[in-house]
Each structure stands twice: as C-alpha cells, then as structure tokens.
Amino acid sequence: MNWTAPVAEQVLQADAQAVWHPFTPLYGLRPPLEVVRTEGAWLYTADGRQILDAISSWWVNLHGHSHPYIAQAISEQAASLAHVIFAGFTHQPAVTLAERLLRILPPNMAKIFYSDNGSTATEVAMKMAFQYFYNLEIYKPKIIAIDGAYHGDTFGAMSVGDRSPFNAPFQPYLFEAVFIPFPDQTNQEKVFQEFADIIATGQVGAFIFEPLVQGASGMRMYSASLLDKMIAHAQQHGVICIADEVMTGFGRTGKLFASLYLHHYPDIICLSKGITGGFLPLGVTACTQRIQNAYRSPELMKTFFHGHSYTANPIACAAANASLDLLLSQQCSSAIARINHSHLQFAAKLQQGSYAVRNVRVLGTILAVEIDRSGETSYFHEARNNLYYHFLDKNLLMRPLGNVVYILPPYCITNQELALAYQAILEIVE
Ligand SMILES: Cc1ncc(COP(=O)(O)O)c(C=O)c1O
C-alpha cells in the first residue's frame, strides 16, 4: 500500500479522517490545534502560535516540555535497552527507580509494582487489596470511595469514581462501591460518622481516596486532619487505605506526596502522571510489606496474576529517574515554593476585591478559582466551553473543570508567565 506522510497543512484534514480524540465530543467543537514543538511551559503550533501550558498538559509535565536532561536520558536508554519482559527478568532503571521512590515515599512503603498509567495504577491497587483478603480467606467485599472521585477510566477505576454522566453507559457493568459525601468545611463530623458506621458493618476491605485534593471534580480540597483521622480509624478496623496520588504526587501539593501531610500513612499509594516528568506513560502502585506478605505462599493461586506488556518499560523508568534528579534538586524545591507564594498572593487579591468569585483555593502549586455563576459546579457547566476558548484565544491552555478555572503549571513556569495566566483569570472575574 502507498502511504505518504501528510504535509503540515494537511495534518488537520488527515486527523479528522483517521483519528478519534479522547474526551472530545464529535460535534460542536473547533478542530484540534496541531502542535509541532514544545519547550519549557510553551506549546508551538503549526500555524505559528505560542500557547502557555498552564495545566501541565493534563497534569503530567513537571519540569517543562522537552526538557533536555530527560530527553538525553531517554535517548541513552533507548539505545542500550529499550524493552524487556518484566516477568523473570529485571533491569537497572526499574530497580533504581523503585529504590529511589521508596526513599521518598512515606516510610511504611516497601514494594513497587509497575504498570502503565494512572488508571492501571489504581486498578492494580484495588486488585492488590481485594486479593489480600482472598488470600487470607477473610470476607470483606466492600470498598469505600468519596463522592466526586475520579480514579481513571478502566472498569475498576470507574466503579469507585463519581457516578456521573461520563460513565452512565457503563453503570450496569460497574461493581458496587459505598460512597461517602465529600468532606467540606460544614460536614466533617457527619462524614466521619457515616464512614465509621459503614466500617462498623465489618464488611469493608478498602478505602480509596485522592488525598487532600479531588482533581477532576474541580480541584476540591479537604482537610488533612480529617483524612488522617479516617485513615487511623480504618486501619484500626483492618481496612486497607489506598491513596490515589496520580495527580497529587511529585510536588504538586507543596510536599513530594500529599500523604506526607498525614501522620497515618496509607497502605497503598498510586502514582503516575508526573512520574516521568511528562515524557512517557508509567504507573506505580506502592504497598507495605504487610500487603505483599499475604501473597508470599507456596500456593500458586496466591500469586498476584496481574501485569502489562510494557510493565516497567526501561525507557519510561530512565525518564522517571531523570525526572527525579530534577525534582529533588534545590532549584525545583525553590520553584515549587515560588509558585505557591505567587498563587497565594493572587488568591489574596481575588479574595479582597469584589470579583465574581465564589471560592479561591491554593495548595502547593495548585490554584483553583470557582467562578461565581449560577448553576452547579460540574464539568458540563455551560461556562466551561466558553472559558476554555476564551483562554485559548489568549494563547493560554487552561481546561476549566465546569466553572472552576485552575492553574497547575510545570515547575519551570516563570513569574511573568504566571502573571499572564492570572491576568486572563482577572479578565473573567472582573
Ligand atoms: C486522581 C487520578 N487518578 C487516576 C487518574 C487516571 O490517570 P490516567 O489518565 O493516566 O489513566 C487520574 C487522571 O486524571 C487522576 O486524576
């Protein structure tokens, strides 16, 4: 068959013919923008535009696009060992990464299980927890999740996610989960009591949560001390606590992991997104030794029979090791502190002025502004598309979550670049 690569101006036409994009309605939207180059916090398009990526391209980019240090590590790794089956074989990039992650994760974490993305990281976590009880012959079939949660798009992940219009077609196929209300400033005692009552049934095996910030439901932030109390209570009753740090991991909340704000650490932690600095897909599910011990048995059927073809891909692990070098530098800590300081100043400005803002919240490098418009705060809020295109027309990539506009930038973003994003938000709320 003859095939020639489309020239630049034909790419969009060819895209419309051949490609199906994620999370993208097939009617009513403008065609996608063709990106030809990325550098730092910027995306460069085929038609000559320069767009500031204020959301780290779906929260994955940490140190800036096409960072030369990570690109170099990838190139060297690809030239020597690109991929090998990870059952019965191992390699240095995966082992080094596991050791380094265990050094910076909460100290109770003991083992690293690799997969491919955030959804598989949470899927693995739940399977690990469910089979833990199966292997120990304990019947605790229920899992608790929080209203508004998003843990990914695979079936297990959808089952513990908010039962929203997004997953309505799949609801007959989802397993049952027990949802507790999202803990806001007004209902903490009630939420804790409801949580404790469900656990008191003796049926609960696991509790899954996005620690401190629910990302997809609108960067909703909640109390670390309440979560700490919930984890302590759950663990006292033998419930496995799963922290989904797919979004919060690697410095987004100001600490390396949101779980480090707690005194009681989760039993399982899920990581992905920022792990490779935004270069390659990689998922990690970390667990305590106690969890793995339930699988240490001469009985074959107590094995964790789960894996993916690209598990622990060496190139992705090399990217993650390079990203960790950058993340653990003094320069990166200072950048995170600088972004936080800048967000706090902007939040104070919004809170003091008479702006159309219902709520402003900041945690670490995350700033979320809830625009005051009537209607519910949902992804389908009518304001969403208008806001998205308003920002894009100003060469800013921001993907509002309903009427919540947020900034979650790569750490290389400068104060001047942040100011561009703040200014665009001000124009909306003035
Ligand atoms: C908290 C959380 N968990 C899981 C996921 C799913 O990750 P992925 O898109 O890599 O499958 C996401 C994605 O946004 C997320 O925010």
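Once a new chain begins, its residue numbering starts again from 1 and follows that chain's sequence as written. Thresholds applied to this predicted model are a pLDDT of at least 70 for local features of residues and 80 or more for the giving and counting of side-chain atom pairs; totals over whole chains, interfaces and linings are not thresholded and use all residues. The side-chain numbers reported here are obtained from all heavy atoms of the structure, hydrogens and water having been left aside.

**Quick look at unusual backbone geometry**
Here Trp59, not a glycine, exhibits a phi torsion of approximately 70°, which is positive. A run of H or I in DSSP counts as a helix once it spans at least four residues, and a run of E counts as a strand once it spans at least two, with each numbered from the N terminus. Tracing the backbone shows Trp59 in helix α2 (residues 56-59). Any residue under 20% of the maximum accessible area for its type is buried, any over 50% is exposed, and the rest in between are partly exposed; the area is computed with a 1.4 Å probe on protein chains only. Residue Trp59 is classed as buried on the basis of its relative accessible area, which comes to 8%.

**Observations concerning a nonpolar patch on the surface**
Residues qualify for a patch when their relative accessible area is over 30% and they have no salt bridge, like charges being joined within 9 Å and the nonpolar side chains of Val, Leu, Ile, Met, Phe, Trp and Tyr within 5 Å. Shrake-Rupley sampling with a 1.4 Å probe provides the accessible areas, and residues are treated as covered by the protein chains on show and by no other component. Salt bridges are counted wherever a side-chain nitrogen of Lys or Arg sits within 4 Å of a carboxyl oxygen of Asp or Glu. On the surface, a nonpolar cluster with roughly 380 Å² of combined accessible area is contributed by Phe23, Trp58, Tyr150 and Phe166. Along the chain, Tyr150 turns up in the loop between β5 (142-146) and α6 (155-159).

**So, the site of the ligand**
As a matter of local geometry, the ligand sits amid Trp59, Asn117, Gly118, Ser119, Tyr150, His151, Gly152, Glu210, Asp244, Val246, Met247 and Lys273. For the ligand, an oxygen atom lies 2.9 Å from a polar atom in the backbone of Gly118. Between an oxygen atom of the ligand and a side-chain N or O atom of Lys273, the distance comes to 3.0 Å. Protein burial of the ligand: of its 390 Å² of free accessible surface, 83% is covered by the chains. Here the residues of the shell around the ligand are counted per class, giving four nonpolar, five polar and three charged. To be near a molecule or strand, a residue needs just one of its heavy atoms within 4 Å of it. Two N or O atoms count as a polar contact when they lie within 3.5 Å, although within protein this holds only if one can serve as hydrogen donor and the other as acceptor, and sequence-adjacent residues are included solely when both atoms are side-chain atoms. Any residue outside Ala, Val, Leu, Ile, Met, Phe, Trp, Tyr, Cys, Pro, Asp, Glu, Lys and Arg is labelled polar, Gly included; the first ten of those are nonpolar and the last four are charged.

**Concerning the sheet that holds strand β6 (residues 178-180)**
Whether two strands pair depends on DSSP finding at least two bridges between them. As summarised here, the arrangement of the seven strands in space is β4-β12-β11-β10-β7-β5-β6, forming an open sheet in which the pairing is mixed. Each having just a single partner strand, β4 (111-115) and β6 make up the two edges of the open sheet. On average, each strand axis in the sheet is tilted by 20° relative to the strand beside it, whichever way the strands run. Pairing of strand β10 (residues 240-244) with strand β11 (residues 268-271) involves three bridges; the strand directions are parallel. If you follow Asp244 over to β11, its bridge partner there is Cys270. By the convention used here, residues are in contact when the closest approach between their heavy atoms is within 4.5 Å. Throughout, an axis means a line fitted to C-alpha atoms (over the contacting stretch in the case of helices), and angles, computed between N-to-C directions, take values from 0 to 180 degrees. Taken strand by strand, helix α4 (residues 92-104) contacts β4, β11 and β12 (283-287), and its axis lies near 125° from that of β4.

**Notes on the side chain of Ser272**
Checked against the element boundaries, Ser272 lands in the loop between β11 and β12. Reaching out from Ser272, the side chain makes a polar contact with the backbone nitrogen of Gly118 at a distance of 3.2 Å.

**Side note on the packing of aromatic side chains**
Geometry of aromatic contacts follows a simple scheme: Phe, Tyr and Trp rings, the Trp one being its six-membered ring, pair when their centres are within 6.5 Å, and the pair is stacked under 30 degrees between planes, edge-to-face over 60, tilted otherwise. Scanning all chains against the criterion turns up 15 aromatic pairs. Between the aromatic rings of Phe23 and Phe166, the centroid separation amounts to 6.0 Å while the plane-to-plane angle is 90°, which identifies the pairing as edge-to-face. Here Phe166 lies in the loop between α6 and β6 and Phe23 lies in the loop between α1 (11-18) and β1 (35-39), a separation of 143 residues in the sequence. Here Phe166 falls in the partly exposed class, since its relative accessible area comes to 38%. A centroid spacing of 5.0 Å and a plane angle of 90° characterise the contact between Tyr132 and Phe133, whose relative ring orientation is edge-to-face. Of the residues examined, Tyr132 reaches a relative accessible area of 8% and is grouped as buried. Accessibility expressed as a relative area gives 5% for Phe133, which makes it buried. We call a charge positioned above a ring when the Lys NZ or Arg CZ atom is no farther than 6 Å from the ring centre and deviates by at most 35 degrees from the ring normal. For Arg399, the ring lying beneath its charged end belongs to Tyr388, and the centroid distance is 5.9 Å.

**Quick look at the nonpolar core**
Formed by 102 residues in total, the largest nonpolar core has its most connected members in Leu101, Tyr114, Phe207, Met219 and Leu367. Counting only domains with at least three residues in this core, you end up with domain 1 (8-66 + 329-429) and domain 2 (69-327). Discounting residues that sit within four places of it in the chain, Leu367 has contacts with His343, Phe346, Ala347, Val360, Arg361, Val362, Val405, Tyr406, Ile407, Tyr422 and Ile425. Of all hydrophobic cores here, the second largest spans 24 residues; its members include Val124, Met126, Met128 and Ala294. Here, nonpolar core refers to any group of buried Ala, Val, Leu, Ile, Met, Phe, Trp, Tyr and Cys residues whose side-chain atoms link them within 4.5 Å. The split of the chain into domains comes from an automatic or database domain assignment.

**Considerations on the domain arrangement of the protein chain**
Parsing the protein chain into structural domains produces domain 1 (8-66 + 329-429) and domain 2 (69-327). The interface is formed by 28 residues belonging to domain 1 together with 29 residues belonging to domain 2. Regarding the contact of domain 1 and domain 2, the summed buried area is about 2500 Å², with carbon and sulfur atoms giving 68% of it. It is Trp59, His63 and Leu363 in domain 1 that bury the most area against domain 2; as a group they hold 25% of the surface buried on that side. Applying the counting rule to domain 1 against domain 2 returns zero salt bridges. Along the contact surface separating domain 1 from domain 2 lie 15 residue pairs in polar contact (both at pLDDT 80 or more). At the level of elements, α2, α11 (330-352), β13 (357-363), β14 (366-371) and β16 (404-407) are the ones that each hand at least two residues to the side of domain 1 that touches domain 2. The residue inventory of the side of domain 1 that touches domain 2, partitioned by class, reads 19 nonpolar, eight polar and one charged. Buried area is understood as the total, over both parts, of accessible area removed when two parts are fitted together, assessed with a 1.4 Å probe.

**Description of the environment of Met126**
With respect to the secondary-structure elements, Met126 resides in helix α5 (residues 118-135). Separated by 110 residues in sequence, Met126 and Ala16 place their C-alpha atoms 37 Å apart. Contact partners of Met126, with chain neighbours within four places excluded, come to Ile143, Gly156, Ala157, Val160, Phe175, Ile208 and Ile242.

**Remarks on the sheet that holds strand β3 (residues 50-53)**
As a general point, the strands of a sheet are linked pairwise by backbone hydrogen bonds and lie either parallel or antiparallel. The four strands lie next to each other as β1-β2-β3-β15, forming an open sheet whose pairing is mixed. Of all strands in the sheet, those bounded by a partner on one side alone are β1 and β15 (396-397). The pairing of strand β2 (residues 42-45) with β3 spans three bridges and is classified as antiparallel. Residue pairing for β3: Trp42 is matched across the bridge by Leu52.

**A short note on the pattern of salt bridges**
Counted by the stated rule, this structure contains ten salt bridges. Between Glu189 and Lys229 there is a salt bridge; the shortest N-O distance is 3.3 Å. A residue pair is termed long-range when its members are at least 10 positions apart, and Glu189 in helix α7 (residues 188-199) and Lys229 in helix α8 (residues 224-236) qualify at 40 residues. Here the salt bridges do not stand alone but share partners, grouping Arg358, Arg361, Glu370 and Asp372 into one network.

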